[in-house]
Amino acid sequence: MSDKKQASPLVQGYEVVIGFETHAQLATQSKIFSRAPTAFGAEPNTQACAVDLALPGTLPVMNRGAVEHAIRLGLALGSHIAEQSVFARKNYFYPDLPKGYQISQFEIPVVQGGEVSFFLGDEKKTVRLVGAHLEEDAGKSLHEEFHGMSGIDLNRAGTPLLEIVTEPDMRSSAEAVAYAKELHKTVTWIGICDGNMQEGSFRCDANVSVRKPGEPLGTRREIKNLNSFKFMQQAIDYEVRWQIEQIEDGHAIQQATVLFDPDTGETRAMRTKEDAADYRYFPDPDLPPLVIARDWVEQVKANMPELPRQMAARLVQTYGLPEYDATTLTQSPAMAAYFETAAKASGQAKMASNWIMGEVSRRLNNEEKDIAQVPVSADTLAALLKRIADGTVSNNAAKQVVDALWSGEGSDVDAVIEAKGLKQMNDSGALEKIIDEVMAANAPMVEQFRAGKDKAFNALVGLVMKASKGKANPQQANDLLKQKLQ
């Protein structure tokens, strides 16, 4: 067992083992084997054509854009892109599956291997991938709108998906969520998926099992269609507790597919799980093998954006940032661009990083906005950072400046500092006078300091800052006070 596994956090003495299957809906204009559109929210059954319904005499034709998206993912995750892959029919009956089978890939998928790396706190983790395969989506059964009946909407039938499958490498719900967020960031960053979890564009299935350390893998249960990171963590935590209770009570875990109910916070079994043999896979006779020429892969590679991990490495090298900062700042192209603009314009890269990860992110999170909606431009933030660096304002005063800029009270940093009287006092003569007055008014505290009580010094600094109405330069106040006391 590797060091990684030995360091796994245990839950009630059990090791948690998690693997993921993620369906990313590909951002193509048409479906994977037909020209029908894929836009979300259309009237039911207005976007399913004869090919999607497998009407007699129709033949599927591969969507080149979907293949290119698969190549992009493979390049982004360091996978092998198969020169030849095969489509199979996955046979099962379901009311919203008009063909009676789903066209997917089984034994030879297009994307093979690869890995996803991310930080959990300040610890770097890596999850290995089995690979990713192209497939079509099924339709959707609607139960709420028809009393005593179900409706079938086939708009999604034939929508192109990439199913991304991991090895069972994750050991906690926190690690699983961090993996899902990193994968979500990657597919949206390279432009192959819009990542909208509410609309079903990015759906995760978690395979969860537990075992005593060192024992063989336990029986897994698959939690289907997790469409938010919050529910993902709740569902996995509940499932882990449930499985441990079952085992402790002497029951065997039965392999099953389960659903998470966010209202009750519980998982419930939907069906006992099928294995590959139950689907009777066989190569689709209507589709030839998918052949990907190496020069096509090279063309796609030439048009790839700088990837998050490459950009993070560049930020470390160029700006001297810690790896944690660089990884956090590359959550989206917009955040990375905001940082780089602020860092270059201010010449204060680490300060820019601290402010963006701290004050700016905190405010955006509180308002449930993303960096694209930030009301303070990167150049304006840079101007403020310069004023902190040259001693014009203190850190605390700078937060008041941001308050004003954020609420639209002003857009010019210097004008806001002036209007609100936030300039730091750098006049040593005026500061000396304040220090003299504080020392004269607090003679017992001065004696305590001279008797070796360091706390008294901090208290005196606080009184000086208060007397200056927070405008004294803290470092200057420290230095001058020390001189006078000695």
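Peer 1: Help me get a handle on the overall build of the protein chain, residues and values and all.
Peer 2: Counting its secondary structure elements, the protein chain contains 16 helices and 18 strands. The C-alpha radius of gyration computed for the protein chain amounts to 29 Å, which surpasses the reference 23 Å derived for 486 residues by more than 25%, pointing to a less compact arrangement than a globule. Projected onto the principal axes, the alpha-carbon positions of the protein chain cover approximately 95 × 55 × 50 Å. Put simply, the protein chain has 486 residues, and 48% of those count as buried. In the protein chain, the proportion of contacts linking residues at least 24 apart, taken out of those at least 6 apart, comes to 68%. Accessible area for the protein chain stands at about 23,900 Å²; split by element, carbon and sulfur atoms hold 50% of it.

Peer 1: Any chance you could break down the confidence of the model for the protein chain for me, citing the residues and the numbers?
Peer 2: Mean pLDDT for the protein chain: 90, with 96% of residues reaching 70 or above. Low pLDDT, under 50, characterises residues 1–6; the stretch is placed with nine contacts to residues that sit more than four places away or in other chains.

Peer 1: Residues and numbers for the layout of surface pockets, please.
Peer 2: In this structure, the second largest pocket encloses a volume near 1,200 Å³. As for the second largest pocket, its lining consists of 33 residues, of which Lys181, Lys185, Phe229, Gln331 and Ser332 are closest to the centre. Mapped by element, the contributors of at least two residues to the lining of the second largest pocket are strand S8 (115–120), helix H3 (173–189), helix H7 (323–329), helix H8 (333–346) and helix H9 (349–366). At eight residues, H3 tops the list of elements feeding residues into the lining of the second largest pocket. The class makeup of the residues in the lining of the second largest pocket is 15 nonpolar, 13 polar and five charged.

Peer 1: Lay out the sheet that holds strand S5 (residues 87–91) with the relevant residues and their values.
Peer 2: Within a beta sheet, neighbouring strands are joined by backbone hydrogen bonds and run either parallel or antiparallel to one another. Reading across the sheet, the three strands line up as S6-S5-S17 and stay open at both edges, with antiparallel pairing between neighbours. Pairing within the sheet leaves two strands with one partner each, and these edge strands are strand S6 (101–105) and strand S17 (282–283). When S5 meets S17, the two strands line up antiparallel, connected through two bridges. Residue Ala88 lies in a different strand from S17, and its bridge partner there is Pro283.

Cut-offs and rules
- Residues numbered from 1 in each chain as written.
- Predicted model: local features only at pLDDT ≥ 70, side-chain atom pairs only at ≥ 80, totals over all residues.
- Heavy atoms only, no water.
- Helix = DSSP H or I, 4+ residues; strand = E, 2+ residues; numbered from the N terminus.
- Rg over C-alpha atoms; globule rule 2.2 N^0.38 Å.
- Buried < 20%, exposed > 50% of the residue type's maximum accessible area, 1.4 Å probe, protein only.
- Contact = heavy atoms within 4.5 Å.
- Areas by Shrake-Rupley, 256 points an atom, 1.4 Å probe, with all protein chains shown as cover.
- pLDDT = per-residue confidence, 0-100.
- 1 Å grid on protein atoms, 1.4 Å probe; cavity = no way out; pocket = protein on both sides within 12 Å on 5 of 7 lines; lining within 4 Å.
- Points joined across faces, edges and corners; volume = space filled by probe spheres on them.
- Nonpolar A, V, L, I, M, F, W, Y, C, P; charged D, E, K, R; others polar.
- Pairing = 2+ DSSP bridges.

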